[in-house]
Amino acid sequence: MAEPTFRTLEILVQLFVAATAKRITYLGEENIPETGGAVIAINHTSYVDWAPAALALHRRHRRMRFMIKAEMEQVKVINFLIKHTGTIPVDRDAGADAYAVAVQRLREGEVVGVYPEATISRSFELKEFKSGAARMAREADVPIVPLIVWGAQRIWTKDHPRRLGLRNVPITVAAGAPLRAADDILQTDGALRESMSALLHQVQQRYVHAAGQYWVPRRLGGSAPTPAEAAQMDAHEAAARAANRSAHRSR
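The protein appears in an unreviewed UniProt entry as 1-acyl-sn-glycerol-3-phosphate acyltransferase from Mycobacterium conspicuum.

So this is what it looks like as C-alpha cells:
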C-alpha cells in the first residue's frame, strides 16, 4: 500500500521513539494476523498508546485503522491525518455511520483498532467495556485480538502534564490469542475482558513499578486512583461536559 501520509507518519513515530530512547518490548506478535480483517482491542491508559500499538501492527506489515472521537476533526492537523490515514471518526451521539464503515473495512480485510473502554482509564486498570468491538467482529466475521500497551501512561495521560521528551521509558506491547465473537455479545465481551485482564497482569508482573508513582495502579503500590475513585471522577467530568453542551445550545 502506498499511502504516503501513513508511511510518513510511521517514519516519524519510529524516529521519535529512537530520538527519545523509548524502549518498546513486543510480546505475542504472532497473534496479530498477517492477512485478513481483525479487530484489535486495545486498553487505554494514555493519549499516546496508539503509537506503540500501531508500531506492533507495522512489525506484522499491517496498518491499523483507528476509531477516533469525531471532535478531533476540529483540530486541523488531526483532521488532515484522519482523512489521509483511513482513521474512522466516531460521533458519540450517533455512532451508527462509523460502525458501518468499520464493519465494511473489516470485511475488506483491514485491521481496525478499537478501545473497548472508550476513554482513558485513570486507575490504569480495565474499565467497563463498550460492546462495539464484539459486535463489529461478529458482524464482519473476523477475530478479535486483545492488545495491551503498558508504560505509555508515563509519557502522557489524563490529569497529568505530558512528558513527550522523557527518555528511557520502557513500554510493553503484548498481543493475546485471537478470540472469535459468539452470538451472545455479553459472553464475547466477558471473554475479551477476561483475556485482556490476564494479559495486562502478565505484562505488569514483568514491569518495574516505582512505589507511590501516579502512573502505577493502587493495587501495585502506586498513587493512581482506585477504579471506584476513577469512576467517580469520570462521572463528574461527563456531567460537566453535558452541562457545557446544554449551556452552548441555549445560547
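(A) Just the overall build of the protein, in detail. A count of helical and extended segments in the protein gives seven helices and seven strands. Put simply, the protein runs from its N terminus to its C terminus through helices and strands in the order α-β-β-α-β-α-β-α-β-α-β-β-α-α. Taken over the C-alpha trace, the protein has a radius of gyration of 18 Å; the compact-globule value for 251 residues is 18 Å, and the two agree within 12%. Summarising its shape, the C-alpha atoms of the protein cover approximately 50 × 45 × 40 Å along the three principal directions. Within the span of the protein, comprising 251 residues, buried residues form 46% of the whole. A separation of at least 24 residues holds for 73% of the contacts in the protein among residues at least 6 apart in sequence. Of the roughly 12,800 Å² of accessible surface on the protein, 54% is carried by carbon and sulfur atoms.

(B) Geometry of the layout of surface pockets. In this structure, the second largest pocket encloses a volume near 400 Å³. Lining the second largest pocket are 17 residues, with F16, V48, W50, A51 and L164 sitting closest to its centre. Split by residue class, the lining of the second largest pocket holds 16 nonpolar, no polar and one charged.

(C) Broad picture of the pattern of salt bridges. Taken as a whole and assessed by the stated rule, the structure comprises 17 salt bridges. As a salt-bridge pair, R122 and D159 come within 2.6 Å of each other at their nearest N and O atoms. Placement of the pair is R122 in the loop between β5 (111-114) and α5 (132-140) and D159 in the loop between β6 (144-150) and β7 (170-175), with a sequence separation of 37 residues. Bridged by salt links that share partners, the residues R122, K127, K158, D159, D234, E237 and R241 form one connected network.

(D) Representation of the pairing of β6 in the model. Most of β6 is tucked away, with seven of its seven residues classed as buried. Here β6 shows no split at all, with I144, P146, I148 and W150 on one side and V145, L147 and V149 on the other all buried. Alignment of strand β2 (residues 38-42) against β6, held across four bridges, turns out to be parallel. By the bridge assignment, I42 is partnered in β6 with L147. Sheet topology note: the β6/β7 ladder contains four bridges and is antiparallel. Bridge pairing links W150 to T172 in β7.

(E) Seen up close, α5. Within α5, burial applies to G132, A133, A134, M136, A137 and A140. Buried residues along α5 sit in contact with β2, β3 (64-69), α4 (96-107), β5, β6 and α6 (185-206). D141 lies just past α5 and shows a positive phi near 60°.

Conventions and cut-offs
- Residues numbered from 1 in each chain as written.
- Predicted model: local features only at pLDDT ≥ 70, side-chain atom pairs only at ≥ 80, totals over all residues.
- Heavy atoms only, no water.
- Helix = DSSP H or I, 4+ residues; strand = E, 2+ residues; numbered from the N terminus.
- Rg over C-alpha atoms; globule rule 2.2 N^0.38 Å.
- Buried < 20%, exposed > 50% of the residue type's maximum accessible area, 1.4 Å probe, protein only.
- Contact = heavy atoms within 4.5 Å.
- Areas by Shrake-Rupley, 256 points an atom, 1.4 Å probe, with all protein chains shown as cover.
- 1 Å grid on protein atoms, 1.4 Å probe; cavity = no way out; pocket = protein on both sides within 12 Å on 5 of 7 lines; lining within 4 Å.
- Points joined across faces, edges and corners; volume = space filled by probe spheres on them.
- Nonpolar A, V, L, I, M, F, W, Y, C, P; charged D, E, K, R; others polar.
- Salt bridge = Lys/Arg side-chain N within 4 Å of Asp/Glu carboxyl O.
- Pairing = 2+ DSSP bridges.

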